[in-house]
Amino acid sequence: MARWGMVVDLDRCTGCSGCVTACHAENNIGPAGLDQAARGRAKHWIRVERYWEGDFPDVKLKFRPVMCQQCEAAPCEPVCPTYASHRTADGLNAQVYNRCIGTRYCANACPYSVRFFDFYNPSWDKPLQLQLNPDVSLREVGVMEKCTFCVQRIRATQSRARAEGRPVHDGEIQPACVQACAPRALVFGDLDDPESEVSRLAELPRGAKLLEDLGTRPSVTYLSRQTQS
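Here's what I pulled together on the structure shown here.

This part is about the environment of Ser85. Considering the arrangement of structural elements, one finds Ser85 in strand β4 (residues 85–87). The exposure class assigned to Ser85 is buried, which follows from its relative accessible area of 1%. For Ser85 and Glu145, which are 60 residues apart along the polypeptide, the C-alpha to C-alpha distance reads 9.9 Å. Contact partners of Ser85, with chain neighbours within four places excluded, come to Cys76, Glu77, Cys80, Ala94, Gln95, Cys106 and Arg115. Separated by 2.7 Å, the side chains of Ser85 and Gln95 make a polar contact.

Where strand β2 (residues 46–55) and strand β3 (residues 58–67) come together, ten bridges link them in antiparallel fashion. Looking at β3, one finds that Asp55 is bridged to Asp58. As consecutive antiparallel partners, β2 and β3 are separated by two residues.

Turning next to the state of the cysteines. Here the structure, examined in full by the defined rule, presents zero disulfides. In this model Cys16 remains outside any disulfide bridge; the closest cysteine sulfur is found in Cys19, 6.3 Å from its own. Look at Cys16 and you get exposed, because its relative accessible area is 54%. Here Cys147 is not disulfide-linked; the sulfur of Cys68 is the nearest cysteine sulfur, at 5.7 Å.

Attention now goes to the packing of aromatic side chains. As enumerated under the stated definition, the model contains three aromatic pairs in all. Each ring, one from Phe117 and one from Phe119, has its centre 4.8 Å from the other, and the planes form 85°; the classification is edge-to-face. Aromatic ring contacts, followed pair by pair, group Trp4, Phe149 and Phe188 into a single cluster. Positioned over the ring face of Phe119 is Arg41, at 4.1 Å from the centre of the ring. Residue placement shows Arg104 over the ring face of Phe117; its charged tip is 4.3 Å from the ring centre.

This paragraph deals with the pattern of salt bridges. For the structure on display, the rule yields 16 salt bridges. With a closest N to O distance of 3.0 Å, Arg47 and Glu49 form a salt bridge. For Arg47, a relative accessible area of 26% gives the class partly exposed. In this structure, Arg139 engages Glu145 in a salt bridge whose closest nitrogen and oxygen atoms are separated by 3.2 Å. Accessibility classification places Arg139 together with Glu145 in one group, the buried group. Overlapping salt bridges, with partners in common, bring together Arg3, Glu72, Asp192 and Arg217 in one network.

Before going further, it helps to spend a moment on unusual backbone geometry. Cis geometry marks the peptide bond from Phe56 to Pro57, where omega comes out at 5°. Omega for the bond connecting Lys126 with Pro127 falls within 30 degrees of zero, at 10°, which places this linkage in the cis form. Within the fold, Pro127 resides in the loop between β6 (115–117) and β7 (144–146).

Quick notes on the rules
Residues numbered from 1 in each chain as written. Predicted model: local features only at pLDDT ≥ 70, side-chain atom pairs only at ≥ 80, totals over all residues. Heavy atoms only, no water. Helix = DSSP H or I, 4+ residues; strand = E, 2+ residues; numbered from the N terminus. Buried < 20%, exposed > 50% of the residue type's maximum accessible area, 1.4 Å probe, protein only. Contact = heavy atoms within 4.5 Å. Polar contact = N/O pair within 3.5 Å; in protein donor to acceptor, adjacent residues only side chain to side chain. Pairing = 2+ DSSP bridges. Disulfide = S-S within 2.5 Å. Phe/Tyr/Trp six-rings, centres within 6.5 Å; stacked < 30°, edge-to-face > 60°. Lys NZ or Arg CZ within 6 Å of the ring centre and 35° of its normal. Salt bridge = Lys/Arg side-chain N within 4 Å of Asp/Glu carboxyl O.

This is the structure:
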């Protein structure tokens with residue numbers, strides 16, 4: 001059984017937000033519109049944080065993509081009264097939409113602010129509805145949603161590999177954000193495979209977890225920057 005994880009190389013991230021756009025398209029994340037966005041209800045399963053360092057004119061801009069950290073000890077799961085949030089055998093923090101009753105306890109418990117409540121039913125102006133992904137559920141008002149590591153791609157690749165009688169190859173599964181990342185700042189794979197690229201990168205001395213001292217044991221590793229420009 002694989003244990004899925006991701007590595008984010010902060011040295012490679014250019015802050016282009018291609019991952020954000022790809023995530024919206026792949027996962028049917030509806031546009032918020034001006035009114036909902038003004039009320040803080042916009043949804044981005046992955047966001048690119050921007051940090052300015054130094055004083056003008058000697059300033060540096062740094063980026064950090066943040067998505068669900070797929071924690072081993074996820075604070076969002078034990079607070080869910082309906083088991084809508086739970087951990088799967090392959091290390092994903094799953095979200096079952098038709099179990100969710102919208103208590104929002106999980107969002108309050110998550111220290112990474114990566115869970116979103118659907119305050120409104122999504123809608124897409126024509127012809128944007130034509131690009132909806134049939135492999136991903138459309139979430140309606142009143143439920144929580146978040147990054148799934150593009151579980152639909154994971155399951156489809158696993159099914160194809162089983163039908164062909166072979167294992168899933170390293171790098172064969174690419175969540176939309178990873179596929180769209182031109183500088184290859186995002187790497188996805190099996191953390192329990194010592195030969196996989198993601199497991200080798202996760203062991204580098206530059207590796208660190210986000211808010212590691214909270215004990216959530218995230219499955220996402222961030223590689224600190226080496227360059228200073």
